[in-house]
Amino acid sequence: MQQVIEDVNVEGGNYVLSWTGTATARVGINGGAPSGSYSGSPLSFSGATAGQAITVEFYNGTLSKVQLEPSSGGATPFERRMYGTELQLCQRYYQVLSAGLRADAYATTGGSIT
């Protein structure tokens with residue numbers, strides 16, 4: 001599983017990625033693809049350039065409470081956001097399609113509109 005951290009959210013410098021579970025991870029910095037060996041949590045890395053994307057790739061296992069944060073030290077405790085805050089942040093990706101566009105989209109995938 002991969003998650004891209006948008007370039008506008010990268011301030012550069014040192015980062016630490018932490019999570020709970022048995023999955024391992026690796027990262028790609030400065031717009032590059034993840035490479036190298038997979039590691040357990042926490043995973044620290046440096047050299048991220050401000051304004052360049054970071055890609056996190058998880059492999060095999062269980063995964064929860066993922067947190068990527070700027071850090072020159074270790075990981076901090078997981079920070080939980082309220083549901084309303086998380087919903088508001090996700091809505092910037094939300095798009096409303098007109099009924100005609102939805103019908104076309106469903107028709108091309110073999111779905112039906114109810």
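Scroll up to find the structure this text is about.
Anyway, here's the lowdown on the structure attached to this text. Quick caveat: nothing in here was measured; it's all calculated off a predicted structure.

From N to C terminus, the chain includes two helices and six strands. Tracing the chain from N to C terminus, the helices and strands come up as β-β-β-β-β-β-α-α. Residue burial in the chain is summarised as follows: out of 114 residues, 22% are buried. Of the contacts made within the chain by residues no fewer than 6 positions apart, 65% connect residues no fewer than 24 positions apart. Taken as a whole, the chain presents about 7,900 Å² of accessible surface, with 52% of it coming from carbon and sulfur.

Counting 13 residues, the largest nonpolar core has Leu17, Trp19, Ile54 and Phe58 as its most contacted members. Among the elements of the structure, β2 (13-20), β3 (24-28), β4 (43-48) and β5 (54-59) are those that each provide at least two residues to this core. Not counting the four nearest positions on each side in its chain, Ile54 is found in contact with Gln3, Val4, Ile5, Val10, Tyr15, Gly28, Phe45, Ala48 and Leu68.

Let's shift gears to a nonpolar patch on the surface. A cluster of nonpolar side chains, Met1, Leu63 and Val66, forms an exposed patch at the surface whose accessible area comes to about 270 Å². In this fold, Val66 is placed in strand β6 (residues 64-70).

Look at the link from Ser41 to Pro42: it is a cis peptide, with omega at -5°. Along the chain, the position of Pro42 falls in the loop between β3 and β4. For Lys65, which is not a glycine, the phi torsion comes out positive at approximately 50°. Here Lys65 is to be found in strand β6. Owing to a relative accessible area of 44%, Lys65 belongs among the partly exposed residues under this scheme.

Procedures and definitions
Residues numbered from 1 in each chain as written. Predicted model: local features only at pLDDT ≥ 70, side-chain atom pairs only at ≥ 80, totals over all residues. Heavy atoms only, no water. Helix = DSSP H or I, 4+ residues; strand = E, 2+ residues; numbered from the N terminus. Buried < 20%, exposed > 50% of the residue type's maximum accessible area, 1.4 Å probe, protein only. Contact = heavy atoms within 4.5 Å. Areas by Shrake-Rupley, 256 points an atom, 1.4 Å probe, with all protein chains shown as cover. Core = buried A, V, L, I, M, F, W, Y, C linked by side-chain atoms within 4.5 Å. Patch = residues over 30% accessible without salt bridge, like charges linked within 9 Å, V, L, I, M, F, W, Y side chains within 5 Å. Salt bridge = Lys/Arg side-chain N within 4 Å of Asp/Glu carboxyl O.

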